[in-house]
Amino acid sequence: MTSEDLDQLVTAMRANAVSSLLVEAPDLTLRLVLPADSVAPMATAPTVVAKPAQISAKSPGIGTYAPRGLDDGLEPIVIGQSVASGEVLGYVALGSARQTVCAPIAGTLTGDLPEAGRITGYGDTLLTLEPSS
Amino acid sequence: MIEILSIPPLATVQDLGRDNHWFQGLGRAGAMDPVALKLANMMLGNEAGAATLEIPLSPASFRFSEDQVFALTGAACGARLDDVPLPRYWAGLAKAGQELHIGPFQQGGRVYLAVYGGVDVPEILGSRSTQLRESFGGFEGRILRAGDILKPALTPPADFPSNGVSISLPELSQPRGETIELRALPAAEHDSFTDIALTAFWSETYRITPQSNRQGYRLHGPELTRDHVGELRSHGIIPGIVQVPGGGQPIIQLADSATMGGYPKIAAVISADLWRLGQALPGDSLRFVQTDLDGARSAERDMQELFSTLANDCKAMKRLQQGWR
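Keep in mind that what you see is a predicted model, and the values were worked out from it rather than measured.

Reading the values: the criteria
The numbers attached to residues start from 1 for each chain and follow its sequence in the written order. Chains and ligands are labelled sequentially in the order written, the chains with letters from A and the ligands with numbers from 1. Given that this is a predicted model, residues contribute local features only at a pLDDT of at least 70 and side-chain atom pairs are listed and counted only at 80 or more, while totals for whole chains, interfaces and linings are drawn from all residues. Under the DSSP-based scheme used, a helix requires at least four consecutive residues in state H or I and a strand at least two consecutive residues in state E, with every element numbered from the N terminus. The globule rule is 2.2 Å times the number of residues to the power 0.38, and the radius of gyration it is compared with is taken over C-alpha atoms. Burial is judged by counting the other C-beta atoms within 10 Å of a residue's own C-beta: 20 or more makes it buried, 12 or fewer makes it exposed, and any count in between marks it as partly exposed, with every C-beta position built from the backbone. A pair of residues counts as a contact when their C-beta atoms, built from backbone coordinates, are separated by no more than 7 Å. Throughout this entry, Asp, Glu, Lys and Arg are counted as charged residues, while Ala, Val, Leu, Ile, Met, Phe, Trp, Tyr, Cys and Pro are counted as nonpolar. The remaining residues, Gly among them, count as polar. Strands were regarded as paired on the criterion that DSSP finds at least two bridges between them. For the domain bounds, the source is a domain assignment made automatically or taken from a database. Angles here are taken between N-to-C directions and fall from 0 to 180 degrees, while the axes themselves are lines fitted to C-alpha atoms, restricted in helices to the stretch in contact. Structurally, a nonpolar core is described as a collection of buried Ala, Val, Leu, Ile, Met, Phe, Trp, Tyr and Cys residues joined by way of C-beta atoms within 7 Å.

A.B. asks: Can you walk me through the overall build of chain B in this structure?
C.D. replies: When you go through chain B residue by residue, the secondary structure sums to four helices and 21 strands. For a compact globule of 325 residues, the expected C-alpha radius of gyration is about 20 Å, and chain B comes in at 20 Å, within 12% of that figure. Each of the three principal axes of chain B carries a C-alpha extent, and together these read 70 × 40 × 35 Å. The proportion of buried residues among the 325 residues of chain B is 46%. Expressed as a percentage of contacts within chain B between residues at least 6 apart in sequence, the contacts between residues at least 24 apart total 77%.

Below is the structure:
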């Protein structure tokens, strides 16, 4: 370890409000202790609560919304449920023909479930998802 | 192309069967549930009788080697495309490399997997159905097995709805555990059975036994005896005919029915109800409900009207889609 390395460590300790540091290596043990008054208080970053991105599952057509889980062999969906990308979330029905409303991404369902029978147009937002981290 | 990764026994390629060769001693074959087959083809825009896979047991797995559209109908089967669960009665896109997995059947006994244009197998004697007894038709005249590669007859259309389509149906089949009602006509030897037998036949329930396959279902229930005994000459039989062999327990002839039989015929299930048997399983109960020719014709018209409504709704939906493309 050189004096430049040591300077860098001390600078980093001061910048990060670290008063004690122990470095152990096969051929080296180094303990650095700085006086408390030589360590700058750590700047506190302003707390920013990022609002999670909301992604919409939109209507693929014109018709009435029909929930999944009634006659399709699938379990009904619930808010808070994790779904896979492409998973069928419901239907937009025109008579007996139905287009499927699919999850555009993998994520968690948020907001409200649409009411069964709601008249919907092409591109209307039917459900929202928070992307999986 | 679709590669079969795993498939249970007795899965075959079927269409609506070959009807015009009875006089040559060749049965019809064809789908056990022609309603599900036609619905799968309707959702894809295929001809109503295009060849599909008929899968009578689970589980089964397939891999798509290229982008493809396909449809699943019949029993609810917990199908998944990779990890995404699919609804019952669904048609949509599969990307190259994706795998389709069919799980345990929850309601019904057969799943139909259709591809765009139908499964590309040779048409023989007017049909692409597998004639299992005679070992021709379908895929090399045999049941399907792992490693088989199935080819769709047509390239998938670019404008197929990317999210997929589905259909809502009136409650066609009874929920599991409820008695299936089959409308039937009295057949040639109906009146030769005793009054007790006839009363039992038209009012009691019969259970489908494990001795059941595409050729016919053996039933178990009240024993049916005849007033007259003795050998009968063999007569022509067709799917739906209910025969009663010596033991007194009826057999319903189905898609792979023989063309001739010598057992007395007590009834004939109307063709509009035969698909219900295609979705029935051993252990299910059924009851025969007597009807007449007018009733049979009316049932056939009801089925045609249902398909007409479904087809019109599918066309209307397609027209609307084209409006904003």
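A.B. asks: For this particular structure, what's the right way to read unusual backbone geometry?
C.D. replies: Most peptide bonds take the trans configuration, and most residues that are not glycine carry a negative phi. Residue and element names in this part refer to chain B. Of note, the bond from Ser 58 into Pro 59 is cis; its omega dihedral lies within 30 degrees of zero at 0°. Its place among the elements puts Pro 59 in the loop between strand E3 (52–55) and strand E4 (60–64). Despite not being glycine, Tyr 89 has its phi angle at roughly 55°, a positive value. Tracing the sequence through the fold places Tyr 89 in the loop between strand E7 (84–85) and strand E8 (90–94). Look at Ser 135: it is not a glycine, yet its phi comes out positive at around 60°. Summarising the element assignment, Ser 135 is placed in the loop between strand E10 (107–115) and strand E11 (149–150).

A.B. asks: Even after reading the chapter, I still don't get the interface of chain B and chain A, so can you show me in this structure?
C.D. replies: For interface size, the figure often reported is the accessible area lost on association. On the chain A side, the residues contacting the 24 residues of chain B number 25 residues. At eight residues, the largest contribution of residues to the side of chain B that touches chain A is made by helix H4 (residues 293–323) of chain B. Looking at side-chain class alone, the side of chain B that touches chain A contains 14 nonpolar, seven polar and three charged residues. Sheet topology places strand E7 (residues 97–102) of chain A next to strand E12 (residues 165–167) of chain B; three bridges connect them, and they run antiparallel. By the bridge assignment for E12 of chain B, Gln 99 of chain A is matched with Val 165 of chain B.

A.B. asks: Is there a simple way to explain the domain arrangement of chain A in this structure?
C.D. replies: Each domain of chain A was delimited in the assignment, giving domain 1 (3–38) and domain 2 (55–131). Of note, the centres of domain 1 of chain A and domain 2 of chain A, computed from C-alpha atoms alone, are 57 Å apart.

A.B. asks: What's the story with the sheet that holds strand E8 (residues 107–110) of chain A in this structure? I'm lost.
C.D. replies: Strand pairing within a sheet occurs via backbone hydrogen bonds; the two strands may be parallel or antiparallel. All names here are of chain A. One open sheet holds the four strands; their spatial order is E3-E10-E8-E5, and the pairing between them is antiparallel. Edge positions in the open sheet fall to strand E3 (55–58) and strand E5 (82–83), since each of these has one partner strand only. Two elements, E8 and strand E10 (residues 125–131), share four bridges in a ladder whose sense is antiparallel. Bridge assignment links Leu 109 to a residue of E10, and that residue is Leu 129.

A.B. asks: In this structure, what is going on with the sheet that holds strand E21 (residues 285–290) of chain B? I would like to understand it.
C.D. replies: Residue and element names in this part refer to chain B. Taken in spatial order, the seven strands close into a barrel running E13-E20-E17-E18-E15-E14-E21, and their pairing is mixed. In this sheet, neighbouring strand axes are inclined to one another by 40° on average, regardless of whether the strands run parallel or antiparallel. Helix H3 (residues 271–278) rests against strand E13 (180–186), strand E15 (216–220), strand E18 (251–253) and strand E20 (265–269) of the sheet, and its axis sits at about 140° to E13.

A.B. asks: Could you clarify how one ought to interpret the environment of Asn 41 of chain B in this entry?
C.D. replies: Residues and elements named next belong to chain B. Structurally, Asn 41 is set in helix H1 (residues 34–44). Between the C-alpha atoms of Asn 41 and Ala 114, which are 73 residues apart in sequence, the distance is 6.5 Å. Residues contacting Asn 41, with those up to four places away along its chain left out, are Asn 46, Glu 47, Ala 48, Ala 50 and Ala 114.

A.B. asks: It is not clear to me how the environment of Pro 76 of chain A should be interpreted in this structure. Could you clarify?
C.D. replies: Residues and elements named next belong to chain A. Looking at the secondary structure, you find Pro 76 in the loop between strand E4 (63–67) and E5. Its 12 C-beta neighbours within 10 Å are what place Pro 76 among the exposed residues. Excluding anything up to four places from it in sequence, Pro 76 contacts Pro 67, Arg 68 and Gly 69.

A.B. asks: Any chance you could explain the nonpolar core here in plain terms?
C.D. replies: One recurring pattern in soluble globular proteins is that nonpolar side chains are buried together. All names here are of chain B. Ranked by size, the top nonpolar core spans 105 residues in total, and within it Ala 40, Met 43, Ala 71, Tyr 112, Ala 114 and Val 242 carry the most contacts. Among the elements that make up this core, the one with the highest residue count is H1 (eight residues). If we ignore the near neighbours within four places in the chain, the residues touching Tyr 112 are Ala 31, Ala 36, Leu 37, Ala 40, Thr 52, Leu 53, Glu 54, Thr 73 and Gly 74.

A.B. asks: Looking at this structure, I do not really get the pairing of E4 of chain A. What am I missing?
C.D. replies: Each regular strand carries side chains that alternate between the two faces of the sheet. Residues and elements named next belong to chain A. Alignment of E4 against strand E9 (residues 119–120), held across two bridges, turns out to be antiparallel. Pairing of Gly 63 across the sheet is with Thr 120, part of E9. As paired strands, E4 and strand E6 (residues 88–94) are joined by four bridges and run antiparallel to one another. Each bridged residue has a counterpart across the sheet, and for Tyr 65 the counterpart in E6 is Val 92.

A.B. asks: Before we go on, may I ask you to explain H3 of chain B in this structure?
C.D. replies: In an α-helix, one full turn covers 3.6 residues, which means residues spaced three or four apart are oriented alike. Among the eight residues of H3 of chain B, seven are classified as buried, and the element is accordingly described as predominantly covered. Residues of H3 of chain B that are buried include every one of Ala 272, Asp 273, Leu 274, Trp 275, Arg 276, Leu 277 and Gly 278 of chain B, and no others.

A.B. asks: Which parts of the structure should I look at to understand the pairing of strand E14 (residues 206–212) of chain B?
C.D. replies: Residue and element names in this part refer to chain B. Examined bridge by bridge, E14 and E21 share two bridges and lie antiparallel to one another. In the sheet register, Tyr 206 faces E21, and the bridge partner there is Leu 286. Strand direction decides the pairing type here: E14 and E15, joined by three bridges, are antiparallel. What sits directly across from Ile 208, in E15, is Leu 219.

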